[in-house]
Amino acid sequence: MGGSQDARRAPRRSSGLDRPRLERAGFEASLGQPAPPMASALEDPVLIRPLRGHGAAVTGVAFSASAAELATSSLDRSLMIWKLKKQCRAYKFVGHMDAVTSVNFSPEGQLLASASQDHTVRLWIPCIHGESSVLKGHTASVRSVSFSHDGHLLVSASNDKSVKIWSVQRRRLLFSLFQHTHWVRCAKFSPDGRLIASCSEDKSVKIWDTINKTCIDSFIDYGGFPNFVDFNPSGTCIASAGSNHTVKLWDIRMNKLLQHYKVHRAEVNCVSFHPSGNYLITASTDGTLKILDLSEGRLIYTLHGHKGPVLSVAFSKGGEKFASGGADGQVLLWKTNFDSFDYKEVLKHHIRRIQTDDPPHLLDIYPRSPHLHDEKLQSVEVNPTFDVADTQTVDPPVVEISSSPSFGTLDDVSNEDLQYPSASVLATSSKRKSENESESVMHNVDKKIGISPSLGNALENIVEQLDVLTLTISILEQRLTLTEDKLKECLENQQKILPQGRQEE
C-alpha cells in the first residue's frame, strides 16, 4: 500500500505484520550486494497496525496523555477513540451535524474537544454514554480546536476569520481575536499558554498575546498559505505547513525564518514536533509522511502507507508512537524507534541503503539564516506492505455512541471498555446538565442543588437570551470585518486612482 508494486516481501514478524521495506533511491539489486541485516532496521519507524473504522477521510489524530488511547476525527461526522491494547477496541461518537475537522485530548485526558463544519465546538466526556456539550459562537465552519497545556482554556479557529478562546470549566466564550482577513485554518497555544499562533489563507501566521488580546507579530508567506501551525516544545519556534509544498520554522524571539524545507511534492497538511524538539514529522497530499532531523537540518525518513493524501499526524506525549490519518479513511499507528538511537550511528547502519549530503552550515541548533532543504536529499524509505488477508490484522470492533445531553457514570462499563473517571470525579466539568443536546453548557445546572422548576425555567430563559446575544455579537463582528475589508479595498483603489489623475492633469 502506497509503495511500489514490485516491492520485495521481508520475513514475517511475530506480530503478524510484514516488516517495512527499506530502500534508497537509485539502489539496484543487480549490484549483487547482500541485503542489509534485519537488525539494522531496528531503529527505523515501524508500522504497528492500520486502524479502520471511519467511513470517510480522517481529518485529525490526537493521543491521550498516557498514549493508551487515540482519538480521531473524520468527514463522516464522527470522532472515534481507539483503545490501543492488544485487543484493540474502537468507540465512535456521533453528535456533530457535519464533518468533524479537528480533535484534541485535554492534558489529563478527562475531556475531548472536537471542531466541526456545523459551526460548533463540542466538549466530550470520553465515556460509554457519549456526554457532550456544545460551544456556539462561530458563524462558519470551525477548522481547528486545541487545549491550553493546563487544560483551562480552549482555542478554536474558523472560516469566519476569527480565533476564539473558551473557558473549559465555565463552558463559555471568553474573547475573540480578529485580524485575519481570510479563513483561519489552525490555532495553537504556546506551551506556557501566554501566546497563541494562528495561520490563515490570508498567507499569514500571527502570534497573539493572550493577556493583552493583541497581535504582537506576524509572519507572511508569499509563496502560499499555511495549512497548519504549531509551537515547538520549548515555545521558542513555530513550524508552519504550507500549501506551496514547504515546511518553515520561524524563531518568534528573533522574528526570522530559521529553516525552510521543500521535501514534499504537494501541499503539506499537518506537522507534529517530537517531544524532544529535535524531530518534526510532516503529512502531505503527496501521500507520504516525512521525518526531519531539525538539529542536523535534513530529511531522514519518508514513510508510505496511505492511499492518497495524508491529512493529519501527531506524536504521542512521550514520542514513542505517532499516528497518521488519511483521505483513504485509514489511521496508521507507528512505532517511532529512531529517537532512541544516535543519528550518526543510524547513518552508519544505513550506509548501503542511504546516501546523505553534507550537513548544512550550522552555527547553532538551528541555522541563523534561512536554509532551503529540497527533495534532492536522499532519505530512508519505509514502505509497509500490509494486507488484511496476508497479515490477518482484523479491524477492531466499533461501538457507536450517540451524543447524550446528560453526564453519566461508568458503573456498567467493563474493564476492557473506556476507562475514564466518572462524572462525579470531574466536579465542575462533568456534573453539569444541559437540555436539547447541550445546546450550550451554560445551560448546565448541577442536578444535586435541588433548584425549583420555576427558578430553573427562569435561568434557562436567561441563558437562552445570552446565547442569542453571543450569536448577535459574532454576526456584528463578522459584518465589521467585512466593512473593514471593503474600506481597505476602497482606500487602495483611491491611492491607485489619484496618481493617474495627477498624471492626466
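See above for the structure.
The rules behind the values
- Residues numbered from 1 in each chain as written.
- Predicted model: local features only at pLDDT ≥ 70, side-chain atom pairs only at ≥ 80, totals over all residues.
- Heavy atoms only, no water.
- Pairing = 2+ DSSP bridges.
- Helix = DSSP H or I, 4+ residues; strand = E, 2+ residues; numbered from the N terminus.
- Axes fitted to C-alpha atoms, helices over the stretch in contact; angles between N-to-C directions.
- Core = buried A, V, L, I, M, F, W, Y, C linked by side-chain atoms within 4.5 Å.
- Buried < 20%, exposed > 50% of the residue type's maximum accessible area, 1.4 Å probe, protein only.
- Contact = heavy atoms within 4.5 Å.
- Salt bridge = Lys/Arg side-chain N within 4 Å of Asp/Glu carboxyl O.
- 1 Å grid on protein atoms, 1.4 Å probe; cavity = no way out; pocket = protein on both sides within 12 Å on 5 of 7 lines; lining within 4 Å.
- Points joined across faces, edges and corners; volume = space filled by probe spheres on them.
- Nonpolar A, V, L, I, M, F, W, Y, C, P; charged D, E, K, R; others polar.
- Polar contact = N/O pair within 3.5 Å; in protein donor to acceptor, adjacent residues only side chain to side chain.

Draft legend 1. Spatial organisation of the sheet that holds strand S4 (residues 69-74). Taken in spatial order, the five strands of this open sheet run S3-S4-S5-S6-S32, and their pairing is mixed. This sheet does not close on itself; its edge strands, each paired only once, are strand S3 (58-63) and strand S32 (398-402). Put simply, the sheet's adjacent strands are angled 20° from each other on average, direction ignored.

Draft legend 2. View of the nonpolar core. Membership of the largest hydrophobic core comes to 48 residues, with the highest contact counts inside it found for Ile238, Leu280 and Phe322. Ignoring anything within four residues of it in the chain, the contact list for isoleucine 238 reads Ala197, Val205, Ile207, Phe219, Val229, Asp230, Phe231, Lys248, Leu249, Trp250 and Ile252. Listed in part, the 15 residues of the second largest apolar core include Val61, Trp82, Ala90 and Ala314.

Draft legend 3. Local environment of the pattern of salt bridges. Using the criterion set out here, one finds five salt bridges in the structure. The partner of lysine 92 in a salt bridge is aspartate 76, and the shortest N-O contact between them spans 4.0 Å. Remark: aspartate 76 occurs in the loop between S4 and strand S5 (78-83) and lysine 92 occurs in strand S6 (residues 89-94); sequence separation between them is 16 residues. For aspartate 76, a relative accessible area of 21% translates into the label partly exposed. Two residues, arginine 253 and aspartate 251, come together in a salt bridge whose shortest N-O distance is 3.1 Å.

Draft legend 4. Representation of the layout of surface pockets within the structure. The space that makes up the largest pocket amounts to roughly 1,400 Å³. If you go around the largest pocket, you meet 48 residues; those closest to its centre are Val61, Asn104, Lys188, Phe228 and Asp230. Of the residues in the lining of the largest pocket, the class split is 24 nonpolar, 19 polar and five charged.

Draft legend 5. Just the side chain of threonine 59, in detail. With respect to the helices and strands, the residue threonine 59 is situated in strand S3. Polar side-chain contacts of threonine 59 include one of 3.5 Å to the backbone oxygen of threonine 101.

Draft legend 6. Quick peek at the pairing of strand S12 (residues 153-158). A large share of S12 lies buried, amounting to five of its six residues. With antiparallel pairing between neighbouring strands as the criterion, strand S11 (residues 142-147) and S12 make up a hairpin whose turn holds five residues, including glycine 151 at a positive phi of roughly 80°. For S12 and strand S13 (residues 162-167), the ladder comprises five bridges, and the chain directions are antiparallel. Across the sheet, leucine 154 pairs through a bridge with tryptophan 166, a residue of S13. Where S12 folds back on S13, the antiparallel hairpin that results is connected by three residues, among which lysine 161 adopts a positive phi of roughly 75°.

Draft legend 7. Layout of the sheet that holds strand S7 (residues 100-105). Strand order in this open sheet of four strands is S7-S8-S9-S10, and the pairing throughout is antiparallel. In this open sheet, the two strands that pair with only one neighbour each are S7 and strand S10 (132-136). Direction aside, the axes of adjacent strands within the sheet are offset by 20° on average. Summarising the sheet, strand S9 (residues 120-124) and S10 pair through five bridges and their orientation is antiparallel. When the bridges of S10 are listed, threonine 120 appears paired with lysine 136.

Draft legend 8. Examining unusual backbone geometry more closely. Despite not being glycine, arginine 171 has its phi angle at roughly 55°, a positive value. For arginine 171, a relative accessible area of 2% gives the class buried. One non-glycine residue, asparagine 337, lies in the positive phi region at around 70°. Its place among the elements puts asparagine 337 in the loop between strand S29 (330-335) and helix H1 (343-349).

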